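Structural overview for review
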Amino acid sequence: MTNQWESWLFLAAILVVATLGKNRSLIIAVLVVGLLKAIPGTDQLLDTIGSSGIDWGVTIISITILVPIATGKIGFADLMNAFRSPAGYIAVICGILVAILSAKGVGLLAASPEMTVALVFGTILGVVFLKGIAAGPVIAAGITYTILTVIHQLPAGLGG
C-alpha cells in the first residue's frame, strides 16, 4: 500500500505526461480522480469506480456502437454486406478474438493484480506518446486493420 503523498505524486506525474502529450481524455480523468480523492469520505466511491469502472466504460462504448442501429443508419443489409468480403469475416474473427483475449486478461488481472500497474503504465504511454485510445472494441478494429494491411502487402497471388 502506497502512502497518500506517493499517490498524489503519481497522479501529478500522469497529469504532467498527459498535458505534455496533449491528451485531453487522460487530463480529465486525472483531474476527476484527483478531485474525488481530495473530497473526504470518497474512498468507497473510488473503490467502486476502480472495481466497476471498466464495466461502465464497456457499457458506454457498447451504447455508442448500438446508436447507429437504433437510428437506422445501420441495418441487417449492412451486416449481410459485411460478409461479402474477406474484411467482414476478418472483423468478426477479430471481434471474437478480442472477447476471448479480454476474458483471459481479466483472469490474469484477478490472479496477478500487480500486472495492473504495468498495464496502466503501458496504456498511459500508448495513449499519450503514440496517440492511442484506451478502449476495448476499438482494439478489434485495430487488429482487423493490421491484418488487412498485411494481406494487402502480400504478393498478388497470396493476398486475394
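The structure reproduced in this document is the subject of the present report. (Residues numbered from 1 in each chain as written. Predicted model: local features only at pLDDT ≥ 70, side-chain atom pairs only at ≥ 80, totals over all residues. Heavy atoms only, no water.)

1. Let's talk about the overall build of the chain
Spelled out, the test is: In DSSP terms, a helix is any run of H or I states spanning at least four residues, a strand is any run of E spanning at least two, and both are numbered starting from the N terminus. We call a residue buried when its accessible area falls under 20% of the maximum for its residue type, exposed when it is over 50%, and partly exposed in between, using a 1.4 Å probe and counting protein chains only. Working rule for contacts: check all heavy atoms of both residues, and any pair within 4.5 Å makes them a contact.
Scanning the chain from N- to C-terminus turns up eight helices and zero strands. Sequence-ordered secondary structure for the chain, helices as α and strands as β, is α-α-α-α-α-α-α-α. By residue count, 15% of the 160 residues in the chain fall in the buried class. Taking the intrachain contacts of the chain between residues at least 6 apart in sequence as the baseline, contacts between residues at least 24 apart amount to 52%.

2. Some thoughts on the nonpolar core
Heads up, the rule is: As used in this record, nonpolar core signifies buried Ala, Val, Leu, Ile, Met, Phe, Trp, Tyr and Cys residues forming a set joined through side-chain atoms within 4.5 Å.
One finds Leu11, Ile14, Ala18, Leu26, Val30, Ile124 and Val128 forming the largest nonpolar core, which totals seven residues. If you list the elements that add at least two residues to this core, you get helix H1 (4-20), helix H2 (24-38) and helix H6 (115-129). Broken down by element, the residue count for this core peaks at three residues, all from H1. If we skip the residues at most four places from it in the chain, Val30 touches Leu11, Ile14 and Leu15.

3. Quick word on the side chain of Thr42
Rules: Two N or O atoms count as a polar contact when they lie within 3.5 Å, although within protein this holds only if one can serve as hydrogen donor and the other as acceptor, and sequence-adjacent residues are included solely when both atoms are side-chain atoms.
By secondary structure assignment, the location of Thr42 is in the loop between H2 and helix H3 (43-70). A distance of 2.8 Å separates a polar side-chain atom of Thr42 from the backbone oxygen of Ile39. With residues up to four places along the chain from it excluded, the contact list for Thr42 reads Leu36 and Lys37.

4. Remarks on the packing of H2 against H3
What counts here: The angle between two axes is taken between their N-to-C directions and runs from 0 to 180 degrees, where each axis is a line fitted to C-alpha atoms and a helix contributes only its stretch in contact. When the near helix sits turned anticlockwise from the far one by under a right angle, the crossing is termed left-handed; a clockwise turn instead gives a right-handed crossing. All residues other than Ala, Val, Leu, Ile, Met, Phe, Trp, Tyr, Cys, Pro, Asp, Glu, Lys and Arg, Gly among them, are scored as polar; the first ten of these are nonpolar and the last four charged.
Orientation of H2 relative to H3, taken along the N-to-C sense of each, is 145°, at an axis distance of 8 Å. Crossing hand, H2 versus H3: left-handed. Between H2 and H3, the contacting residues are Val33, Leu36 and Lys37 on the first element and Leu45, Leu46 and Ile49 on the second. Class assignment of the residues belonging to the contact of H2 with H3 gives a composition of five nonpolar, no polar and one charged.

5. Some words on the environment of Val128
Among the structural elements, Val128 can be located in helix H6. Residue Val128 is classed as buried on the basis of its relative accessible area of 2%. With 107 residues separating them along the chain, Val128 and Gly21 place their C-alpha atoms 4.9 Å apart. Those residues in contact with Val128 that sit more than four places away from it in its chain are Val17, Ala18, Gly21, Asn23 and Leu26.

6. Here's the deal with a nonpolar patch on the surface
Note the threshold: Residues form patches when they are more than 30% accessible in relative terms and have no salt bridge. Like charges link within 9 Å. Nonpolar side chains (Val, Leu, Ile, Met, Phe, Trp, Tyr) link within 5 Å. In these tables, accessible area is a Shrake-Rupley quantity obtained with a 1.4 Å probe, and a residue counts as shielded only by the protein chains included in the view. We define a salt bridge as a contact between a side-chain nitrogen of Lys or Arg and a carboxyl oxygen of Asp or Glu at a distance within 4 Å.
On the surface, Phe76, Leu79, Met80, Phe83, Tyr89, Val92, Ile93, Ile96 and Ile100 cluster together into a nonpolar patch covering about 910 Å² of accessible area. Elements with a minimum of two residues in the nonpolar patch: helix H4 (76-82) and helix H5 (86-111). Considering every element that reaches the nonpolar patch, the biggest residue donor is H5, with five residues. Position of Ile96 relative to the elements: it lies in helix H5.

7. Quick word on the environment of Cys94
As for its position among the elements, Cys94 is in helix H5. Of the residues examined, Cys94 reaches a relative accessible area of 2% and is grouped as buried. A sequence separation of 53 residues divides Cys94 from Ile147, and the C-alpha atoms of the two residues are 9.4 Å apart.

8. Notes on H1
Here is the rule we go by: Given the number of residues in a helix, its expected span is that number minus one, multiplied by 1.5 Å. Working definition: the arc comes from the directions between the helix axis and the C-beta atoms, pointing outward to the latter.
The terminal C-alpha atoms of H1 lie 24 Å apart, and with 17 residues this matches the ideal 24 Å at 1.5 Å per residue to within 8%. Turning to H1, its buried residues number three or more, namely Ser7, Leu11, Ile14 and Ala18. Projection of H1 onto a plane perpendicular to its axis shows the buried side chains occupying an angular sector of 60°, all on one side. The exposed set on the far side of H1, more than 90 degrees from its buried face, consists of Trp5, Leu9 and Leu20.

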